[in-house]
Amino acid sequence: AGLFKGATWCVVPSVRASEAAVQTVLGIISALEAEPLFIDAHEHDGHVGGISHLPFLLSIALMGSVSRDPSWRDMKHLTAGGFRDVSRLAAASADMHRDICVTNREAILRWVDQTIEELQQTRSLIAAGTAEADEALLERFNQARDARAEWATAERRAGGLVQDTDDELTHTTMGEQMGQMLMGGMFRRRPRMNGSGTRGRKVRAERQ
């Protein structure tokens, strides 16, 4: 029942749509507690090409890059949370991915070209090996981190986060962050069992 609660519902009325038809759709959206967004069809396809279709292409590119390498047999035993998160979309329907690319070809090609340019610029900074390039690389990473943080903390008019990022905003210690980054879940402790046989709650230490 809550599937569409808080979701953005794109409304794309044709030029011949009656006011009554539009209001009927808006009534359905309101009843489902979703958020209406009036948008042009071409504009919609351009947007989702970047925020929906590009991500699964990057996920597929990651899997293709590492799985075809001769060292993949050993490499896959070292994968952790970051690889799991980025590669997840590659596990979806290949038919669906193919159909999306065929039907939204123009928008997807634009985003792929833009991403290739972004990667080429990052590659050039890594390859340069100068202090200036290293500093520019750091700035590039900081900008991406800040853009992600702004997206993750955006709030709705009625309060609450737009995205389901509440868990990401839980404070963790530096040790936890380093452990997750370097070791994934390799050395994560198993939850203790208390006297009643139930798992004890894990208390996250917050930096003061």
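None of these values were measured; they are calculated from a predicted model.

## Topic: the environment of F38
And then number 1: With respect to the helices and strands, the residue F38 is situated in strand β2 (residues 35-38).
And then number 2: The partly exposed category is assigned to F38, whose relative accessible area is 49%.
And then number 3: Spatially, the C-alpha atoms of F38 and V11 are 4.8 Å apart, while their sequence positions differ by 27 residues.
And then number 4: When near neighbours in sequence (up to four residues on either side) are disregarded, F38 contacts V11, P13, V22 and L26.

## Description of the packing of aromatic side chains
And then number 1: According to the stated counting rule, one finds 2 aromatic pairs in the structure shown.
And then number 2: When the ring of W72 is compared with that of F83, the centres are 5.9 Å apart and the planes differ by 40 degrees; the resulting orientation is tilted. With a gap of 11 residues between them, W72 in helix α3 (residues 72-75) and F83 in helix α4 (residues 81-87) connect regions that are remote in the sequence.
And then number 3: Given the relative accessible area of 17%, W72 is considered buried.

Definitions and limits used
- Residues numbered from 1 in each chain as written.
- Predicted model: local features only at pLDDT ≥ 70, side-chain atom pairs only at ≥ 80, totals over all residues.
- Heavy atoms only, no water.
- Helix = DSSP H or I, 4+ residues; strand = E, 2+ residues; numbered from the N terminus.
- Buried < 20%, exposed > 50% of the residue type's maximum accessible area, 1.4 Å probe, protein only.
- Contact = heavy atoms within 4.5 Å.
- Phe/Tyr/Trp six-rings, centres within 6.5 Å; stacked < 30°, edge-to-face > 60°.

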